[in-house]
Structure formats: structure tokens, C-alpha cells
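Next come the chains, spelled out residue by residue.
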Amino acid sequence: MTETEQPPRTRQDFENTLDQSDKRVASFESKHSGFMDRAQHFLHGNPTMVPVIVLMISLLIFGVIANNFFSAFNLSLIMQQVSIIGMLAAAQSLVIITAGIDLSVAAIMVLCSVVAGKLAVELGVPSIIALPMSFILGAACGWLNGFLITRIKLPPFITTLGTWNVFYALILYFSGAQSIRGADIDANAPFLKFFGNSIPIGGAQITYGSILMVLIFVVLWFMLNKTAWGRHVYAVGDDKDAAELAGIQTNKVLLSVYVLAGLICAIAGWASIGRVGSISPQSFYEGNLNSITAVVIGGISLFGGRGSIMGALFGALIVGVFQSGLRLAGVDVLWQVFATGWLIILAVAIDQWIRKVSA
Amino acid sequence: MSTPVLKARGLVKRYGRVTALDHADFDLYPGEILAVIGDNGAGKSSLIKAISGAVQPDEGVIELDGKPVQFGSPMEGRQAGIETVYQNLALSPALSIADNMFMGREIRKEGFAGKWLKQLDQAQMRKIAREKLSELGLMTIQNIDQPVETLSGGQRQGVAVARAAAFGSKVVILDEPTAALGVKESRKVLELILDVKSRGLPIVLISHNMPHVFEVADRIHVHRLGRRHAVIRPGDYTMSDAVAFMTGAKDPPPDNEAA
Amino acid sequence: MRFNKKFALLAGVAVLSMGGAASAQDAVGACLITKTDTNPFFAKMKEGAVAAAEENGIELSTYAGKIDGDVETQVAAIETCMASGAKGILITPSDSRALAPAIEQARNAGALVIALDTPFEPADTADATFATDNFKAGELIGQWAAATLGDAAADAKIAFLDLNPSQVSVDYLRDQGFMQGFGIDIKEPTRIGDEDDARIVGHDVTDGNEDGGRTAMENLLQQNPEINVVYTINEPAAAGAYEALKAMGKDSQATIVSIDGGCPGVQNVKDGVIGATSMQFPLLMASEGIKAIKAFADSGEKPANSEGLDFFNTGVTLVTDKPVDGIESITSEEALTQCWG
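### A short note on the overall build of chain C
So, step 1. If you tally the helices and strands in chain C, you get 11 helices and 13 strands.
So, step 2. Taken over the C-alpha trace, chain C has a radius of gyration of 21 Å; the compact-globule value for 341 residues is 20 Å, and the two agree within 12%.
So, step 3. Summarising its shape, the C-alpha atoms of chain C cover approximately 65 × 45 × 35 Å along the three principal directions.
So, step 4. Looking at chain C residue by residue over its 341 residues, the buried ones come to 56%.

### Here we look at unusual backbone geometry
So, step 1. Here the bond from E121 of chain C into P122 of chain C is cis, since omega is -10 degrees, no more than 30 degrees from zero.
So, step 2. Structurally, the position occupied by P122 of chain C is in the loop between strand 4 (112-116) and strand 5 (128-131).
So, step 3. At H23 of chain B, a position not held by glycine, the phi torsion is positive, near 55 degrees.
So, step 4. With respect to the helices and strands, H23 of chain B occurs in strand 2 (residues 18-28).
So, step 5. The phi dihedral of D65 of chain B falls on the positive side, at around 55 degrees, and the residue is not glycine.
So, step 6. Relative to the assigned elements, D65 of chain B resides in the loop between strand 4 (59-64) and strand 5 (67-69).

### A look at the domain arrangement of chain C
Residues and elements named next belong to chain C.
So, step 1. Per the domain assignment, the segments making up chain C are domain 1 (2-132 + 282-304) and domain 2 (134-280 + 316-335).
So, step 2. Computed from C-alpha atoms alone, the centre-to-centre distance between domain 1 and domain 2 is 32 Å.
So, step 3. Split into classes, the residues belonging to the side of domain 1 that touches domain 2 amount to 4 nonpolar, 4 polar and 2 charged.

### A few points about helix 4 (residues 105-122) of chain A
In an α-helix, one turn spans 3.6 residues; hence positions three or four apart end up facing the same way.
So, step 1. Taking 1.5 Å of rise per residue, 18 residues should cover 26 Å, and helix 4 of chain A covers 25 Å from first to last C-alpha, within 8% of that figure.
So, step 2. G124 of chain A lies just past helix 4 of chain A and shows a positive phi near 75 degrees.

### A look at the domain arrangement of chain B
Residue and element names in this part refer to chain B.
So, step 1. Its domain assignment divides chain B into domain 1 (6-90 + 153-247) and domain 2 (95-146).
So, step 2. Each of domain 1 and domain 2 has a C-alpha centre, and the two are 28 Å apart.
So, step 3. Going through the elements one at a time, helix 6 (153-167) and helix 7 (183-198) are the ones with two or more residues in the side of domain 1 that touches domain 2.
So, step 4. Tallied by class, residues from the side of domain 1 that touches domain 2 come to 6 nonpolar, 2 polar and 2 charged.

### Topic: the pairing of strand 8 (residues 229-232) of chain C
Residue and element names in this part refer to chain C.
So, step 1. Residues V229 and Y231 point to one face of strand 8 and V230 and T232 to the other, with burial holding for every one of them.
So, step 2. Inspection of the sheet shows strand 6 (residues 158-162) paired to strand 8 by 4 bridges, in the parallel sense. Bridging across to strand 8, I158 finds its partner in V229.
So, step 3. The pairing of strand 8 with strand 9 (residues 255-260) spans 3 bridges and is classified as parallel. Following the sheet pairing, V229 is matched in strand 9 by T255.
So, step 4. Tracing the backbone out of strand 8, into helix 8 (residues 235-247) and back to the parallel element strand 9 gives a crossover that is right-handed.

### Here's the deal with the arrangement of the chains
So, step 1. In this assembly 2 pairs of chains touch, with chains A and B having more contacts than any other pair.
So, step 2. Nowhere do chain B and chain C come into contact; their C-alpha atoms are at least 36 Å apart.

### Observations regarding the pairing of strand 4 of chain B
So, step 1. In the sheet, strand 1 (residues 6-15) of chain B pairs with strand 4 of chain B via 5 bridges, with the strands oriented antiparallel. For V12 of chain B, the partnering residue across the bridge sits in strand 4 of chain B and is E59 of chain B.

### Thoughts on the confidence of the model for chain C
Residues and elements named next belong to chain C.
So, step 1. Residues with a pLDDT of 70 or more make up 92% of chain C, whose mean pLDDT is 87.
So, step 2. Looking at the elements of chain C, mean pLDDT is at its lowest for helix 1 (residues 2-25), recorded as 45, and at its highest for strand 8, recorded as 97.
So, step 3. Here the predicted complex scores 0.83 on pTM and 0.82 on ipTM.

### Side note on the interface of chain A and chain C
So, step 1. On the side of chain C, 28 residues touch chain A, which itself brings 26 residues to the contact.
So, step 2. Mapped by element, the contributors of at least two residues to the side of chain A that touches chain C are helix 3 (72-97), helix 7 (182-188), helix 13 (309-328) and helix 14 (333-355) of chain A.
So, step 3. Looking at the side of chain A that touches chain C residue by residue, the class counts come to 12 nonpolar, 12 polar and 2 charged.

### Describing the sheet that holds strand 10 (residues 227-232) of chain B
Residue and element names in this part refer to chain B.
So, step 1. Spatially, 6-7-8-3-9-10 is the arrangement adopted by the 6 strands of the open sheet, whose pairing is mixed. On the outer flanks of this sheet lie strand 6 (82-85) and strand 10, each paired with one strand and no other. If you compare each strand with its neighbour and ignore which way they point, the axes differ by 20 degrees on average.
So, step 2. Of the strand pairs in this sheet, strand 7 (residues 171-175) and strand 8 (residues 203-206) are connected by 4 bridges, and their pairing is parallel. The residue bridging D175 from the neighbouring strand is I206, located in strand 8.
So, step 3. The strands touched by helix 9 (residues 239-247) within the sheet are strand 3 (33-38), strand 9 (219-224) and strand 10, with strand 9 carrying the most contacts at an inclination of about 30 degrees.

### Considering the nonpolar core
So, step 1. Grouped together as the largest cluster of nonpolar side chains are 181 residues, with contacts concentrated most on M87, L88, L111, I264 and C265 of chain A together with L205 of chain B.
So, step 2. Both domains that meet at this core, namely domain 1 (6-90 + 153-247) and domain 2 (95-146) of chain B, each give it at least three residues.
So, step 3. C265 of chain A has contacts with L88, A91, V105, I108, M109, C112 and G138 of chain A, leaving out every residue within four places of it along the chain.

### Let's talk about the sheet that holds strand 2 of chain B
All names here are of chain B.
So, step 1. The strand order 2-1-4-5 describes an open sheet built from 4 strands, whose pairing is antiparallel. Each edge of the sheet is formed by a strand with only one pairing partner; in this case those strands are strand 2 and strand 5. Each strand axis lies, on average, 30 degrees off the axis of its neighbour in the sheet, ignoring direction.
So, step 2. Here strand 4 pairs with strand 5 via 3 bridges, running antiparallel. Along strand 5, the bridge assignment pairs E63 with P68.
So, step 3. The strands touched by helix 1 (residues 44-52) within the sheet are strand 1, strand 2 and strand 4, with strand 2 carrying the most contacts at an inclination of about 60 degrees.

### Brief notes about the packing of helix 3 of chain A against helix 4 of chain A
All names here are of chain A.
So, step 1. Put simply, helix 3 and helix 4 touch, their axes get as near as 10 Å, and they point 130 degrees apart. By the criterion of interaxial angle, the relationship of helix 3 to helix 4 is oblique. Helix-helix and strand crossings are classified by hand; for helix 3 and helix 4 the assignment is right-handed. Here L88, A91 and Q92 of helix 3 lie close against helix 4, whose contacting residues are V105, A106 and M109.
So, step 2. In terms of residue class, the contact of helix 3 with helix 4 is made up of 5 nonpolar, 1 polar and no charged.

### Topic: the environment of T317 of chain C
All names here are of chain C.
So, step 1. Inspection of the secondary structure assignment puts T317 in strand 12 (residues 316-320).
So, step 2. For the pair formed by T317 and T331, sequence separation is 14 residues and the distance between their alpha carbons is 10 Å.
So, step 3. Among residues more than four places away in sequence, those in contact with T317 are M279 and I330.

### Considerations on helix 2 (residues 49-65) of chain A
Residues and elements named next belong to chain A.
So, step 1. Its 17 residues give helix 2 an end-to-end C-alpha distance of 24 Å, which sits within 8% of 24 Å, the value for a rise of 1.5 Å per residue.
So, step 2. Restricting attention to buried positions, one finds in helix 2 the residues V50, P51, V54, L55 and F62. Buried residues along helix 2 cover an arc of 125 degrees about the axis, so they all sit on one side. The outward face of helix 2, more than 90 degrees from its buried face, is lined by the exposed residues I53, M56, I57, L60 and V64.
So, step 3. Buried residues in helix 2 make contact with helix 1 (35-45), helix 12 (287-297), helix 13 and helix 14.

### Observations regarding the packing of helix 13 of chain A against helix 14 of chain A
Residue and element names in this part refer to chain A.
So, step 1. In the contact formed by helix 13 and helix 14, the axes pass within 10 Å of each other and the chain directions differ by 150 degrees. The angle between helix 13 and helix 14 falls in the class roughly antiparallel. Seen from above, helix 13 lies across helix 14 with right-handed handedness. When helix 13 is examined against helix 14, the residues I318, V319, F322, Q323, L326 and R327 are found in contact with a partner set consisting of W335, Q336, A339, T340 and L343.
So, step 2. The residue makeup of the contact of helix 13 with helix 14, split by class, is 7 nonpolar, 3 polar and 1 charged.

### Overview of the environment of A137 of chain C
Residues and elements named next belong to chain C.
So, step 1. Tracing the chain through its elements places A137 in helix 5 (residues 134-149).
So, step 2. The class for A137 is buried, based on 29 C-beta atoms found within 10 Å.
So, step 3. Considered as a pair, A137 and Q74 are 63 residues apart in the sequence and their alpha carbons are 26 Å apart.
So, step 4. Non-local contacts of A137, meaning those with residues more than four positions away in its chain, are made with T132, R174, G177, I259, S278, Q280 and V316.

Thresholds applied
Residues numbered from 1 in each chain as written. Chains lettered and ligands numbered in written order. Predicted model: local features only at pLDDT ≥ 70, side-chain atom pairs only at ≥ 80, totals over all residues. Helix = DSSP H or I, 4+ residues; strand = E, 2+ residues; numbered from the N terminus. Rg over C-alpha atoms; globule rule 2.2 N^0.38 Å. Buried ≥ 20, exposed ≤ 12 C-beta atoms within 10 Å, placed from the backbone. Domains from an automatic or database assignment. Nonpolar A, V, L, I, M, F, W, Y, C, P; charged D, E, K, R; others polar. Expected span 1.5 Å × (residues − 1). Pairing = 2+ DSSP bridges. Right-handed = clockwise from strand over helix to strand, strands pointing away. Contact = placed C-beta atoms within 7 Å. pLDDT = per-residue confidence, 0-100. Axes fitted to C-alpha atoms, helices over the stretch in contact; angles between N-to-C directions. Core = buried A, V, L, I, M, F, W, Y, C linked by C-beta atoms within 7 Å. Parallel < 35°, antiparallel > 145°, perpendicular 65-115°, else oblique. Left-handed = near helix turned anticlockwise from the far one by under 90°. Arc of directions from axis to C-beta.

Now the structure itself:
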């Protein structure tokens, strides 16, 4: 490379006029002024606030219109009632943040509880061994989903629709379509019902299951927001190709998400034994849809990459609050279903509106 | 002539019956801006992907600082010091500027929190991101936690270039950095490119925009039919000449470096 | 539309030819279509059908919906069944009304259709219904509960744990039967919730499983913590209700009654979880159904209803360890030898 004379650098003539133009190319423009604009920007930056606000408002309204609603006991009861769906929603959130969907969460959960029960109650395996085995099973189910999605390149919806049926058939196979009774669990493997225990605080009954649900959310929140793995999960859901180019091993991240989701389902399976009191192959058939409902109401975008996992917790609580509130207000069951439907639509509409902020 | 930072000889890449690279050569010297131009389908992207590690050539050798290298993935290329700013920027729109700058090479906290909880040192990452953006005169971006999707096209390009410049120790490759931008923002990005160059990093600039190429490039690599067709200096030829070489309307000069 | 006609023609030909093939082999085909295959009740039904089919030389195919209410799968099963040339269909309809057109087609094609367990609406949609008298089943536990409470029955606080919001026949028959037995004015007998008796705390739905039973019980206890009688649609819901009562320390204050006669349910009667349950006999429904198809194939004779009912009653028996005078019952010990699942 010789030091030859460099040709003079000339700007294009037509660009000279740029000197007079606005130089603030890289400045954040705060030209939005109206209340709606500001609200939109605020919610864009704080997506969890939508469900929090909805939760607060619904608590207030039901507190006024429904008898016995606003008692410590009833609030702790709502926590209990949503705890299992809440845990499934936590697992579901992970998957949905990656722009996927997991229709098999509830099936994995029930399968794990059935297998744990089969081992511990019927075959006499100590709970301390049976439970970890069920966790491994849950993780393996998740791994199967992840494997099919990342290696065989099947869409998550189709994959988990398929595995949902597969796991469901296994549930029938292992359970013989028969519940394991609470009394038999108490007699042979009481530890399976550990999460049914509760701590009385004032008038409230906080079950271990409720605490576990909150704990799962807090741990996942930390993982998603405070670790590199979590940032990668969001990046994969946001734009998989971009993440790949930015050097993320996207398939590895996706696989880890499905495995973790499966593991959480297995833990939820254990907790469900405490909640339901028996091991029932027929319970939670709609758990997958209910978990998706909680996630959506929680403001987590089905398009991936957006929303805080805490939103799913609030989403699950909102559904619980509505069901309890409407129930106590003496509203017929079908209107509870009706209300949940509108909540979903409203949540998605708000999500779409918030997303437009970037456009 | 000094040793090229990055040198490739006889690169071949076939996709089925299509030959994207047909014994292509490539040289990038220290401290220069090398523009790569070529018609659509001439194999520019394949060339860039081959030297950045995104694809593995079927034949040929690549040398970085005189040592032969083989990249199995873009990550390996990156670890060797070659940073690429792709046309789609490889940014995650919903994530913050800081998150994006450190995507894939996050910094963990010291001690227990970092080692066992794998907690990130977000304060540190924000600080560095802010510094890097300031160095390139981009610190009019006020909020480092702002999601990238709220930035303008030029600002996003700025973040992507800043990321490349911050981590690219040997080479920065820019793929069509001005293609999607308006006049004003293109100008800003060109200045950014010269800024990066002034800090001693050699740059490979792939562009269709002849005025931009002639303005900033020290040398121009003309790619045609899967191979290096000519290398010219902007001072020696006009834009029309460059286009003529590119399209095959004119033969390259006999004394050109590509021969 | 031309396509549809052609398709119908093809389907018809297929039915005819397959029917021909079946009769050539001289084996009578029959289908059993259950609501789900999760519920052990249907598993027992299937067991009865399979055994009876073997005995009577009938080729049996079995189908099941995915969940209770899964009409599409059942319609598809009916179609498949007809295409295979079956002589008779035993079905537990997931929806008492929605399946009528498909049933009509099957009957027009010459098949004998027998509803098992759940009647159609109207009941003559099918050729016959072999079922538990669900109203009677409810009535038995209602009478038992009232007799057990004695004078306290006048101030009882009753929770009703029903099936789902659709108010299908099995749901209202059992619910209203219980009320009748307990001495509550049931008003419209096909309508749950139109009663105004002050002893009713409320109704909630359970989906017939433990989880739903628990949640529903919790909700009703929130409305009135004094609940002392709990009617449940089935035994899994009863098990869930018991867990809720136990968690709130009210398991000794309330008596749970249920319907089904599944082995875990009977065991729960034995353990004192459930006070009394009405046992039904799914195995009998299916085996009688198969026999009826055999008779129909042999002689064209269709089964007759039980006297005074619009269905063939396969019987119901009260199971309790606390028998009361005037109501016939068996102990849980005896019941364990007859239970299903």
C-alpha cells in the first residue's frame, strides 16, 4: 500500500444544503403530547402496568359489589385457586416470549403427577425418589417439544398440539383413567401433598402452593431480566434471525426454554396434588388454554419478545379475581366465561395498540 | 506494501448447481476502507459471508494477519475480531440499546451474584455502552435503556456500527449501511464510518451507492461473476468507469491489483 | 353442489358395499361411542360391551370423544361407523340435542341406535335408551340426606356442585332428583337454578373432576360458611369438595352425597368422605345394549322401555354405611364387589 495522494473528499453537492438542516439525528424526540400518546409510551416502557391496573380496578369493583370478597381469607383463596394455572402460565410465558406456544403444558403437568403418584402411591417408591423422577420426565417432555421444534423445524403450535395428544394418551395409559384417592396418598406418600399445607396469617390461608407459584415467578423474572440467558430468550423471540446474526445460538436457547417449561410443569404437577387432594387424570384438561389466557391477559405478546413474566402472574390473578368476584356477586357461571372472553380480547387489543408506538 | 489484515485466495462456494464464488480473491489492508461493489448476484454477499464465517467456502484459503483461519460460524469470526454489521442490523427491536450492544457477550457481576446466580452487571454494561456511543458522537441518544425500535433508522445503524466498532478488534464489515436511510441519516452514517476508520480499524463497505463509495473508500473491489474483477482507486476512475467494470461493459485495466 | 351429490353417492356405495362385505362374513358389526375414554365409567362400559360382543359373535369397534361435550368427534365416529356397515350403535351422547341429525342419518341407513347412560332429547331420537334413572339416583341420595339430618333438614344449608354451564340432561336430572328427594320444590324439572328454597346456598360447576369440585366448593363456602349438605354430580367432584371442606376445617360439619359408584367413590364412602352415593351399572348398560343389537340383527326386534319410563332402566343402588329406615341400601363393603373402575 503506497502513500499515494488521496483524492479530495467531496460531499455531494446536493448534500451541502444539509448544513442548514436539523442536526439532531440521534436524539429522542418527545413530540408526543396528548394524554393517550403519553399513556401509550408509558405502557410501552412498562408493559406490566396494564394487568396491574386492571387487577387493582377489578379488586376495587368486586370489593364494593360482592359480599365477603375483600377479606384476607378470600384473597388468599384466590391465590390458591390460581396457583396451578399460574405455574402453568409461568412455563407458558417462557415459551410465548420466544414467539412459540406450548399447548402441552397441562398434559405434561398431569402426566408428571400421575407418574409420581403411580410410583409413590401404588408402587411404593419413596416420594423423595418418585418426585425427582417425575421432574426428569417433565424436562424430557419439554425436551421432546424443543427437539422437534429446533431440530426437525416444526412449528411450535403443531408440535405441541401433537405432543399434547401423545402425553394425554400416556396419562390414560399410566392412570388407567382412574384417580388416585386422597386417602391413599395420605396413607402411602403424604409428601406428595406437601404443597397443600398452609400457613395461617391473620384470616388468610397461604398455601405452600401459592408461595411456590410466586417463587417460580420471581426466579424466572430474575433469570429473564438479570442473566444473559434471559436476554437471549427475549432476543430469540423478538427476531430470531437477528439474534442468530448477533451470535446467539438460538436453537440452544429455544431448547433450554422448552426443557425448563417442562420442568416447571412437572413441579406444578407436584403442587397440583396438594391443591386437588388427589391425583386426577381428568383435572386440568383445559389447563393449557387457561395458561395461555393468563399470559395474554398479562400483556405478554403472542408475537414474542415482549412483556414481562410478572404480567402472567397478574393475568392469572385477574382471571381468579373475576371468577371469584362474579361468583360471590351471584352471577351465573356462563357470565364468568363471557367475562373471561372479553378480558382476552381487551388484553390483545391493548397489546396491539401499545405495539404501534414504535411505528 | 504491508501485509493484508484479511486475505483470501481462490474461494469457491457452490449452492447446488449455482457457483456463488468462483475462485475469488480478496485483500484488506490495515487502516483502509475497502468498498466492495458488484451487480446483484455477483457474489458479494457470499464473499462477505465467507470471510465473516457465516458460510464455509468449499475451497480456498483465508488468512487473518497472515495466519490461515477457518471459521465454522459467525461467532468464530467474531471471536477472531471480525465484526459484521448486517443489512438488517441484527438488532432486537424490543430490547434496549445496552442489551443489544452486549448481545451474546454480556458482562456478569463479580463474585457470588455473577458466578453462581449468573447475574449480569447491568450498570457496567450501560456505562460501557454509553462510552462507546459517545466516542462515535452518538450520545445524543439520551436513554441507553430505550428499546431499539423507538430509534430512527440512522440511530439504529449507529447502534449497530458502535457495537461492531466496540468489539471488532481487527475488521469491521458493513453491509449496505446506507441503503435504507434518508439523505441526512446517510450522511451521518458516512461520518460515523470515517470516525471508525480514524480509530485505526479497517473497514469493508458493501454498497450499491456509488457516490457514497467514492466518497469514503480508499480502494474499491469490483466483484463480478463470482470473482474479483478489478481493484481500483476512486481517484483514478470515475463512477461511470466503476459501473462499467461492474457490469462488464469495460475490461479492467491491465495493471490492476486483481490480476 | 354437484360435488356433494357425487360424494353422497360414493359414500352410499361405500356403505352398501361394506355392509355387503360384512353380511357376507356373517358377522354383525356394532360400534360403541363414549363421551371420553378418560372416565373409568366409560372404561367399564367398554369392558361390558367387549365381553358381550365376544359372547354374541359381534364385531365391535369403539370410539370416544376427547372431552365431555366433544360433539365433532362423536359425529365423525357415527359416520365412520356407518361407513363400516355397522348394524347397531351404542352411544353416550356428548350433547343430547346436537347429535340428532347424525343419529337420524344412521337410523335411516338401517342401524339400531341405543343411547347409553345419557338420553337424547327427545329420547326417541334413538331407538332406545339404556340408562341409569338419573332422576331416581338423585332422589335416593336426596331422601337419604334428608332422613340423615332428620329435623335439621328444615334448616339445611345445601351446596350444589353441578357439571357445567350447558345444563345437560344428566346434570339437571340428578340435581333436580336430589331436590325432589330432599323435599325441595323443583319448579321447572329441566332447569337448574330456578328454585327459591332458602336452604339452597347456591350452584356451581365442577366439570365433574376433583379440581373443579374443590374450587366450586370453596366458592360456595365463601358465600355461606354454614353449608352442611353437599350434593355433587359425581364422585371425583365429591373428592374435590371434601378437600375444600377439610382445608377450611369444615369436613365434619357437612355431609357429601354423590352419584356414580366408581370404586374410588365407594372407597370414599367407606372412608367416610362421602356419606352416600347412588351406584349405577355401566357394564350392564353396554352388555344389554350389545344383546339388543344382536336381537335386532337376528329378528329385527327393537328393545322396549321399562314400565313408566321412556328408557330401559339399568338400575341404581344406594351405597352407604349409615343406612336409614325406609330406603334400601347396600354397604360400601358389598358395593366394592360391584363397583366400576
